[in-house]
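A structural walkthrough
Now for the letters of each chain:
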Amino acid sequence: MFVRYRLLAQLVKMWSEDTMLEKIDSLPIELHPRKQKPAGRCCVHKERAVTKYKTMAMLGFDMTDEVDETASLSSYAKRMMERENIDPEKSILSVMDEACSSCVKINYEVSNLCRGCAARPCYNNCPKDAISYDKDGKAVIDHDKCISCGKCHQACPYHAIVYMPVPCEEACPVKAISKDEYGVEHIDPDKCIYCGKCLNACPFGAIFDNCAVFDVLKRMRAGKKVIAMVAPAVLAQFGKPIEQVFGAIKAVGFDDVIEVAYGAEETTRRESAELVEKIEEGAPFMTTSCCPAYVNLARKHIPDLMKYVSSTGSPMHYTAEYAKEKHPEGVTVFIAPCASKKAEGREDANVDFVWTFRELDAVMKGMEIEIDACE
């Protein structure tokens, strides 16, 4: 996350100085000079390739946008500047193939605890004949045949077969992420609830949420009125008084800052009335509609629960409604603690873009905005 933050801040600095097109191609080389020891990858060239794809993600692109591997970063920057909007069909969360290459391809391996027992429960329980024995009688797993079912792991009386997790797969609560035939993880949009757990779990930073930072900055530069709708938790993010935080947000280029606590009050008022109504109708309970990850969980995985989910809009919804009434021609940007709000924002006609706190922080860093100096 720090690498991503630093990269986005660097790109914002280039944008602010109007040097993006001329400097962006050399960015991977500057960040990974030839004599620098690679941080966890095979070579400096791999690091540069990964940085290129991460930079593409910061510009709002993903792997589906690459039709020519030799295309320069400046060509993507130019495309970003020329596009009207990010494709609404584009995935909220996506995996950058080049960065996703260091995790295990098969989840099970035989350790040196194997005793080569005569019963051979691992061999007898394997449905794919993936287990054989070496000259010392120890079990060996053929990874070309193994399907990671775990039956050998469960059957071994010595616990000699160990499970090696893939962090993103382990973190996903709905099993929406899995490998393709090349060992690269892919996210199934029909299962994904956009909770962002995989985003935080990946140790190689290969998973990205769709980034609209420069689409907003473009509109500011074009002179459009841009409105920030800020979740109240932003104050804990920066640890500064509200006047300074909101002053810093305006220093970025936002014309108005509306706190989403306004929408939360409206949600509470409507939701409480709806709860009374549903209980009077005999419903045993009602659940919140405020968390998009939870609503997507119910919609995609527990459909029987949907009838109990409140139909009241979230605080973001009512704040955006108010923002459009106050600024009819304004561009609304919801600034949220988590990536799941990006999914909700796409479904709300009054929300034009969504940033996360992390992205806002990187923008301030890139623009060299000091919150302590803001009023």
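All values derive from a computational prediction rather than experimental measurement. (Residues numbered from 1 in each chain as written. Predicted model: local features only at pLDDT ≥ 70, side-chain atom pairs only at ≥ 80, totals over all residues. Heavy atoms only, no water.)

**Considering the packing of aromatic side chains**
How two aromatic rings sit relative to each other is given by the distance of their centres and the angle of their planes. What the rule picks out here adds up to seven aromatic pairs. The interplanar angle of 50° and the centroid separation of 5.3 Å between the aromatic rings of Tyr-108 and Tyr-163 together place this pair among those described as tilted. One end of the pair, Tyr-108, is in strand β2 (residues 108-110); the other, Tyr-163, is in strand β5 (residues 161-163), and 55 residues separate them in sequence. The class of Tyr-108 is buried, set by a relative accessible area of 9%. Both rings, one in Tyr-262 and one in Tyr-322, keep their centres 4.4 Å apart while their planes meet at 35°; by these two values the pair is tilted. With Tyr-262 in helix α13 (residues 261-280) and Tyr-322 in helix α15 (residues 315-326), the pair connects residues that are 60 residues apart, well separated along the chain. Judged by relative accessible area, which is 39%, Tyr-262 ranks as partly exposed. Overall, Tyr-322 belongs to the partly exposed group, its relative accessible area being 28%. In this structure, Arg-83 packs its charged tip against the face of Phe-61, placed 5.0 Å from the ring centre. Directly above the aromatic system of Trp-15 lies the positively charged group of Arg-221, at a separation of 4.1 Å from the ring centroid. (Phe/Tyr/Trp six-rings, centres within 6.5 Å; stacked < 30°, edge-to-face > 60°. Helix = DSSP H or I, 4+ residues; strand = E, 2+ residues; numbered from the N terminus. Buried < 20%, exposed > 50% of the residue type's maximum accessible area, 1.4 Å probe, protein only. Lys NZ or Arg CZ within 6 Å of the ring centre and 35° of its normal.)

**Digging into the sheet that holds strand β9 (residues 226-230)**
The parallel open sheet is built from four strands, whose spatial order is β10-β9-β11-β12. With partners counted over all chains shown, the strands left at the sheet margins are β10 (256-259) and β12 (353-356), one partner each. Direction aside, neighbouring strands of the sheet carry axes that sit 25° apart on average. Relative to the sheet, helix α16 (residues 340-347) contacts β11 (331-336) and β12, its axis offset from that of β12 by approximately 170°. (Pairing = 2+ DSSP bridges. Axes fitted to C-alpha atoms, helices over the stretch in contact; angles between N-to-C directions. Contact = heavy atoms within 4.5 Å.)

**Thoughts on helix α5 (residues 73-82)**
Looking at α5, one finds that the buried residues are Leu-73, Ser-74, Tyr-76, Ala-77 and Met-80. Each buried residue of α5 sits inside an arc of 155° when the element is viewed along its axis, so together they form one side. Its buried side turned inward, α5 meets α1 (2-16), α2 (20-23), α3 (27-31), α4 (44-58) and α10 (213-221). (Arc of directions from axis to C-beta.)

**What about the layout of surface pockets?**
Size it by volume and the second largest pocket reaches roughly 380 Å³. Among the elements of the structure, α16 and β12 are those that each provide at least two residues to the lining of the second largest pocket. The element contributing the most residues to the lining of the second largest pocket is α16, with three residues. Here the residues of the lining of the second largest pocket sort into eight nonpolar, three polar and five charged. (1 Å grid on protein atoms, 1.4 Å probe; cavity = no way out; pocket = protein on both sides within 12 Å on 5 of 7 lines; lining within 4 Å. Points joined across faces, edges and corners; volume = space filled by probe spheres on them. Nonpolar A, V, L, I, M, F, W, Y, C, P; charged D, E, K, R; others polar.)

**Looking at the pattern of salt bridges**
All chains considered together, the criterion is met by 20 salt bridges. The salt bridge involving Lys-341 is made with Glu-344; its shortest N-O contact spans 2.7 Å. With Lys-341 and Glu-344 both in helix α16, this residue pair falls three residues apart, about one helical turn. The burial state of Lys-341 is the same as that of Glu-344; both residues are buried. Lys-342 is the partner of Glu-359 in a salt bridge, and the nearest nitrogen-oxygen pair spans 2.8 Å. Of the two residues, Glu-359 is situated in helix α17 (residues 357-366) and Lys-342 in helix α16; the sequence distance between them amounts to 17 residues. Comparing Glu-359 with Lys-342, the two get one shared label, buried. Salt bridges sharing partners connect three or more residues here, namely Arg-4, Asp-209, Lys-342 and Glu-359. (Salt bridge = Lys/Arg side-chain N within 4 Å of Asp/Glu carboxyl O.)

**Structural notes on the nonpolar core**
One broad rule of soluble globular proteins: the nonpolar side chains tend to lie buried together. Membership of the largest hydrophobic core comes to 94 residues, with the highest contact counts inside it found for Met-20, Phe-214, Ile-249, Phe-254 and Trp-355. Ile-249 has contacts with Ala-228, Val-230, Phe-254, Val-257, Leu-360 and Met-364, leaving out every residue within four places of it along the chain. In this structure, Cys-122, Ile-141, Cys-152 and Cys-156 belong to the second largest nonpolar core, which totals 16 residues. (Core = buried A, V, L, I, M, F, W, Y, C linked by side-chain atoms within 4.5 Å.)

**Focus on unusual backbone geometry**
Generally, phi is negative for residues other than glycine and the peptide bonds are trans, each holding for most cases. Within the chain, Arg-120 stands out as a residue other than glycine whose phi angle is a positive 50°. Note on placement: Arg-120 falls in the loop between β2 and α6 (121-125). One non-glycine residue, Tyr-194, lies in the positive phi region at around 60°. Following the sequence through the fold, Tyr-194 ends up in the loop between β7 (185-187) and α9 (197-201).

**Focus: the packing of α1 against α17**
For the pair α1 and α17, the least separation of the axes is 7 Å and the interaxial angle reads 45°. As the angle between them shows, α1 and α17 are arranged oblique. Both α1 and α17 take part in a crossing whose hand is right-handed. Contact with α1, carried on its side by Arg-4, Tyr-5, Leu-8, Ala-9, Val-12 and Lys-13, involves Arg-358, Glu-359, Asp-361, Ala-362, Val-363, Lys-365 and Gly-366 of α17 and no other residues of that element. Residue composition of the contact of α1 with α17, by class: six nonpolar, one polar and six charged. (Parallel < 35°, antiparallel > 145°, perpendicular 65-115°, else oblique. Left-handed = near helix turned anticlockwise from the far one by under 90°.)

Purely geometric numbers; function is a separate question.
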